[in-house]
Amino acid sequence: RRSGESNGGASDDPENTVVRVREPRPTSDDEISGVTGSTRLEAKKQRRREGREAGRRRAPIVSEAEFLARREAVDRVMVVRQRDDVTQIGVLEDDVLVEHYVARESQTSLIGNVYLGRVQNVLPSMEAAFIDIGKGRNAVLYAGEVNWDVLGKDGQPRRIETALKSGQTVLVQVTKDPVGHKGARLTSQISLPGRYLVYMPGGQTSGISRKLPDTERNRLKNLLKEILPDEAGVIIRTAAEGASEDELRRDVSRLTARWDDIEKKTDGGQAPQLLYGEPDLMIKVIRDLFTEDFKKLVVSGDDAWDMIEGYVSHVAPDLMGRVERWADDDDVFGAYRLDEQIAKALERKVWLPSGGSLVIDRTEAMTVVDVNTGKFTGSGGNLEETVTRNNLEAAEEIVRQLRLRDIGGIIVVDFIDMVLESNRDLVLRRLIECLGRDRTRHQVAEVTSLGLVQMTRKRIGTGLLEAFSEPCEACGGRGLLTHMEPVEPTKSKDSDDRRGGRRGRRGGDDTQGPKQQSKQDDKQPEGKQDKGQGKQDKGQGKSSEKGKGKGKGSDKGPDKGKGSGQPPQDGTPQRDKVEDEGARPTPDQPAAEPAPDQSGRATMQPAEASPQSPPGPAPAKAQPAEAPSSVPSADGMTPHQPATQPAAESAAESATDTPPRPVRRSRRRAASRPAGPPEHSAGG
């Protein structure tokens, strides 16, 4: 039974019955669980295990034909410009800037430097140790980067507090520059890069770049057995393509001598101390990137030319024929239009060639990329094809922006939603294929339930935006100015313009002031002002008549309240009002509207000679009839109620030079109502 339960059933048990009380199980929902050993090492194992379960595999080894086809398909050029103490390096693929590096003499990178550091503090709860390397701010060494084989802690739990103590000296190498408030990141697994290979002292494994074709990998694998030292491991780089055995041996011997020098300094050195410093960024980029894939290397600057010429002629003399010196007076970056592309890369919004756009926002936790169709409407097909084409184009541009801006960390891409699963897989394959050109270590995770593509990219140094910008002193980089009191939201100018335009179209001529109307009259020739004024008056007359039922007419004159859609106030039935509107002359019959006189007979109003003539006295306002008139009209129909005088005047002014004709009622309209006088709502 469980602990705490009653022993009511003990009397029913037979004799010599042993009752064992079981302790309650701990509830995992209420208690915090720990990890045996190192959490960071366990996280590494978990990521590898999840990668295998998700089906992620290494990049496939390409054949020699495919390798050569990829090389010939892209035209790669490297451009170096040196100005004073600033050196800029740009990598172009088909005349498009894809990578950019900035080096300053006052701001040198620490990546690759080897230090003899001193442990300042060890935090077991964070599984990290802070090391003093002589740069003011302490660098951090995590438990996952500790070389446990060198420390001799085999068979013991791999906990950083048992491996390192305060005041202890340790050999470390910088893997990431200080960024923001974070210090440099260290590792105790030393690796020394060379031209053709990376030398790892104390390593037990060796590898060959998977970007090389299969035939070249087999050749280098056979050479590796002969030149590989027993006490070290190496990684053959992509630049080793076509390298001879002597070149590989010289590279191994050079790196072995460098490691021996570091060990001598470690034995008698005092911490903190720099044991080995990486060369200038320009040399590092040429060492790591400049291979057979590049067609030429253009150098601008005397000091840069001397340094690059000496290095390439010594390390890779076969590539010296591709190095060119820029001798023109024009700027080399301006000739290749690199400054324009850098300026566009600093913007938040990136336009795609077809009209779509990307919006890149950088936050503290991640970088978010939003894909929009923008002005792209497709060229036939349906919406699914249009969206998929836009997403495919966006996938290629996203990879270029990641490389150019040197964006690292967590990256979330919000593609436009696609209905078919095959289209989603096609976009994801295109993204992974384009990422194959990226040298920086990256990993594409699964697509979330919301259709977001998650990926990670190693963050090494400062990005392009940090190199060309500084935080705003007013807002601190937020882009907003905060106040102590609530502020009124500002109205955008575009919305006001659009709203004013809609009012002008809906309100007709009433929205124009006297100044605007006078300007329009001045613009018209003298011979056409009368005609234009007549058309304007005609439009006002129509709008006033239409306003009786729709409420869109003019709001001036004695009929101001008739456009609200309410029943007429003159005693005339609404049915007769609608029928009178149908009796208006059509554009083919430009006849004047008959104005009834006091006797109920329809008479014609003479048209005015010119709209410029002074208006006569205002007519008296028509009084509503107390009772319907019993005198029939000339055509035998029931007389209608007299209309207001302004409407009659506007209709008379719109008459043309043709002789006026009386408007007759159609039989259809007469047959649509019963015979006899209409029923009135007032007066019986």
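Residues numbered from 1 in each chain as written. Predicted model: local features only at pLDDT ≥ 70, side-chain atom pairs only at ≥ 80, totals over all residues. Heavy atoms only, no water.

Draft legend 1. Summary view of the packing of helix α7 (residues 281-289) against helix α8 (residues 302-315). Contact geometry for α7 and α8: axes closest at 11 Å, N-to-C directions at 40 degrees. Considering their axes alone, α7 and α8 lie oblique with respect to each other. Where α7 crosses over α8, the two elements pack in a sense that is right-handed. Contacts between α7 and α8 involve M282, I283, I286 and R287 from the first element and A304, M307, I308, Y311 and V312 from the second. When the residues that make up the contact of α7 with α8 are grouped by side-chain class, the tally is eight nonpolar, no polar and one charged. (Axes fitted to C-alpha atoms, helices over the stretch in contact; angles between N-to-C directions. Helix = DSSP H or I, 4+ residues; strand = E, 2+ residues; numbered from the N terminus. Parallel < 35°, antiparallel > 145°, perpendicular 65-115°, else oblique. Left-handed = near helix turned anticlockwise from the far one by under 90°. Contact = heavy atoms within 4.5 Å. Nonpolar A, V, L, I, M, F, W, Y, C, P; charged D, E, K, R; others polar.)

Draft legend 2. Just the sheet that holds strand β11 (residues 207-208), in detail. An order of β9-β10-β12-β11 is seen for the four strands of this open sheet, with the pairing classed as mixed. The outermost strands of the open sheet, each flanked by one partner alone, are β9 (192-193) and β11. Pairing between strand β10 (residues 197-201) and strand β12 (residues 232-236): five bridges, direction antiparallel. Within β12, the residue paired with Y199 across the bridge is V234. Running over the sheet, helix α6 (residues 245-268) touches β9 and β10 and is turned about 35 degrees from β10. (Pairing = 2+ DSSP bridges.)

Draft legend 3. Structural view of the nonpolar core. In this structure, V114, L192, L248 and I262 are the most contacted members of the largest nonpolar core, which totals 27 residues. Contributing elements (two or more residues each) for this core: β4 (114-123), β10, α5 (214-227), β12, α6 and β13 (273-276). Looking at which element gives the most residues to this core, the answer is α6, with five residues. Other than its neighbours up to four places away in sequence, I262 contacts V114, L171, L192, L275 and Y276. Counting residues in each nonpolar core, the second largest holds 26 residues, with L358, A395, V413 and M455 among its members. (Core = buried A, V, L, I, M, F, W, Y, C linked by side-chain atoms within 4.5 Å. Buried < 20%, exposed > 50% of the residue type's maximum accessible area, 1.4 Å probe, protein only.)

Draft legend 4. View of the pairing of β10. Most of β10 sits inside the fold, with five of its five residues counted as buried. Of the two faces of β10, the one holding L197, Y199 and P201 and the one holding V198 and M200 are both buried throughout. Looking at chain direction, β9 and β10 are connected through two bridges and run antiparallel. Each bridged residue has a counterpart across the sheet, and for P193 the counterpart in β10 is V198.

Draft legend 5. Local environment of the side chain of Q82. Secondary-structure assignment places Q82 in strand β1 (residues 76-83). Classification of Q82 by relative accessible area gives buried; the value is 19%. A polar contact of 2.7 Å, which involves the side chain of Q82, links it to the backbone nitrogen of A304. Leave out the neighbours within four places in its chain, and Q82 touches T87, S300, G301, D302, D303 and A304. (Polar contact = N/O pair within 3.5 Å; in protein donor to acceptor, adjacent residues only side chain to side chain.)

Draft legend 6. Region of the structure containing the side chain of R457. Residue position: R457 is located in strand β21 (residues 452-457). Of note is the side chain of R457, whose polar atom sits 2.9 Å from the backbone oxygen of I407. With residues near it in sequence (within four places) discarded, R457 still touches L402, R403, D406, I407, G408, G409, I411, D438, T440, R441 and H442.

Draft legend 7. Quick peek at the pattern of salt bridges. Counted according to the given criterion, the structure contains 26 salt bridges. Where K295 meets D75, a salt bridge forms, and the shortest distance between an N and an O atom there is 3.8 Å. Of this pair, K295 sits in strand β14 (residues 294-300) while D75 sits in the loop between α2 (64-73) and β1; the two residues are 220 residues apart in sequence, bridging distant segments of the chain. Residue K295 is classed as exposed on the basis of its relative accessible area of 53%. Exposure remark for D75: the relative accessible area of 28% places this residue in the partly exposed category. Put simply, R437 and E93 hold a salt bridge, and the shortest N to O gap is 3.4 Å. (Salt bridge = Lys/Arg side-chain N within 4 Å of Asp/Glu carboxyl O.)

Draft legend 8. The arrangement of the sheet that holds strand β2 (residues 86-93) in detail. Pairing is mixed across the open sheet formed by five strands, whose spatial order is β3-β2-β1-β14-β15. The open sheet has two edge strands, β3 (96-104) and β15 (323-325), and neither has a second partner. Ignoring which end each strand starts from, the neighbouring axes of this sheet average 15 degrees apart. Against the sheet, α8 engages β1, β14 and β15, with an angle of about 160 degrees to β15. The sheet contacts of helix α11 (residues 383-405) involve β2 and β3, and relative to β3 the element is tilted by about 10 degrees.

Draft legend 9. Inspection of the environment of E245 at higher detail. When you line up the elements, E245 lands in helix α6. For E245 and L220, which are 25 residues apart along the polypeptide, the C-alpha to C-alpha distance reads 8.8 Å.

Draft legend 10. Representation of the packing of aromatic side chains within the structure. For the coordinates displayed, the defined rule picks out two aromatic pairs. Ring centres 6.2 Å apart and planes at 45 degrees place the aromatic pair F290 and F294 in the tilted group. A residue is classified by how much of its surface remains accessible, and F290, at 1% relative accessible area, is buried. Relative to Y336, the ring of W326 has its centre 6.4 Å away and its plane inclined at 55 degrees; by these criteria the two rings are tilted. (Phe/Tyr/Trp six-rings, centres within 6.5 Å; stacked < 30°, edge-to-face > 60°.)

Draft legend 11. A look at the environment of S469. Among the structural elements, S469 can be located in the loop between α13 (464-467) and α14 (493-507). The spacing of S469 and L346 is 123 residues in sequence and 9.0 Å in space, taken between C-alpha atoms. Polar contacts involving the side chain of S469 include one to the main-chain carbonyl oxygen of L465, which spans 2.3 Å.

Draft legend 12. Looking closely at helix α12 (residues 421-435). Taking 1.5 Å as the rise per residue, α12 with 15 residues should run 21 Å; its terminal C-alpha atoms sit 21 Å apart, in good agreement. N423, V427, L431, C434 and L435 are the residues of α12 that are buried. For α12, the angular spread of the buried residues around the axis is 120 degrees, confining them to a single face. Away from its buried face, by an angle of more than 90 degrees, α12 presents the exposed residues R429 and E433. (Expected span 1.5 Å × (residues − 1). Arc of directions from axis to C-beta.)

Draft legend 13. Quick peek at α6. Compared with an ideal rise of 1.5 Å per residue, which puts 24 residues at 34 Å, α6 spans 36 Å between its outermost C-alpha atoms and is within 8% of the ideal. Within α6, the full set of buried residues consists of L248, D251, V252, L255, W259 and I262. Buried residues along α6 sit in contact with β4, β7 (169-176), β9, β10, α5 and β13.

Draft legend 14. Highlighting the pairing of β1. Counting buried positions over the eight residues of β1 gives seven, a clear majority of the element. With eight bridges connecting them, β1 and β2 associate as antiparallel partners. Residue pairing in the sheet places M78 in a bridge with V91 of β2. Connecting β1 to the next strand, β2, in antiparallel fashion are two residues, including D84 with a positive phi near 55 degrees. Strand direction decides the pairing type here: β1 and β14, joined by six bridges, are parallel. Across the sheet, the residue bridging to R81 is S300, located in β14.

None of this, on its own, says anything about what the molecule does.
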